[in-house]
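One-letter residues, chain by chain:
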Amino acid sequence: MKKMVLIVALGLMSTTMFAKRWYYNCPGGGRVYFTTSDDTTSGQAAAMGQAWCDNRP
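Residues numbered from 1 in each chain as written. Predicted model: local features only at pLDDT ≥ 70, side-chain atom pairs only at ≥ 80, totals over all residues. Heavy atoms only, no water.

1. Let's talk about the environment of C26
Next up, step 1: Relative to the helices and strands, C26 is located in the loop between strand 1 (19-25) and strand 2 (31-37).
Next up, step 2: Residue classification places C26 among the buried residues on the basis of a relative accessible area of 8%.
Next up, step 3: Considered as a pair, C26 and Q50 are 24 residues apart in the sequence and their alpha carbons are 7.0 Å apart.
Next up, step 4: If we skip the residues at most four places from it in the chain, C26 touches V32, C53 and R56. (Helix = DSSP H or I, 4+ residues; strand = E, 2+ residues; numbered from the N terminus. Buried < 20%, exposed > 50% of the residue type's maximum accessible area, 1.4 Å probe, protein only. Contact = heavy atoms within 4.5 Å.)

Here you go:
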């Protein structure tokens, strides 16, 4: 059990240590926040932000 907890904790640490936090200002107002992997480009993040804005209720 302890070994499983350690493996899960290390997995979570490795994904959060190499992550980028982004935000995107939606054209109609509001802002979306999201996290991506460290190798995401600003163009990719802008496309994801726009997709989030387009799909909001």
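2. Things to note about the pairing of strand 1
Next up, step 1: Of the pairings in the sheet, the one linking strand 1 to strand 2 comprises 7 bridges and is antiparallel in character. Across the sheet, A19 pairs through a bridge with S37, a residue of strand 2.
Next up, step 2: What sits between strand 1 and strand 2 in their antiparallel hairpin is a turn of 5 residues, with G29 showing a positive phi close to 110°. (Pairing = 2+ DSSP bridges.)

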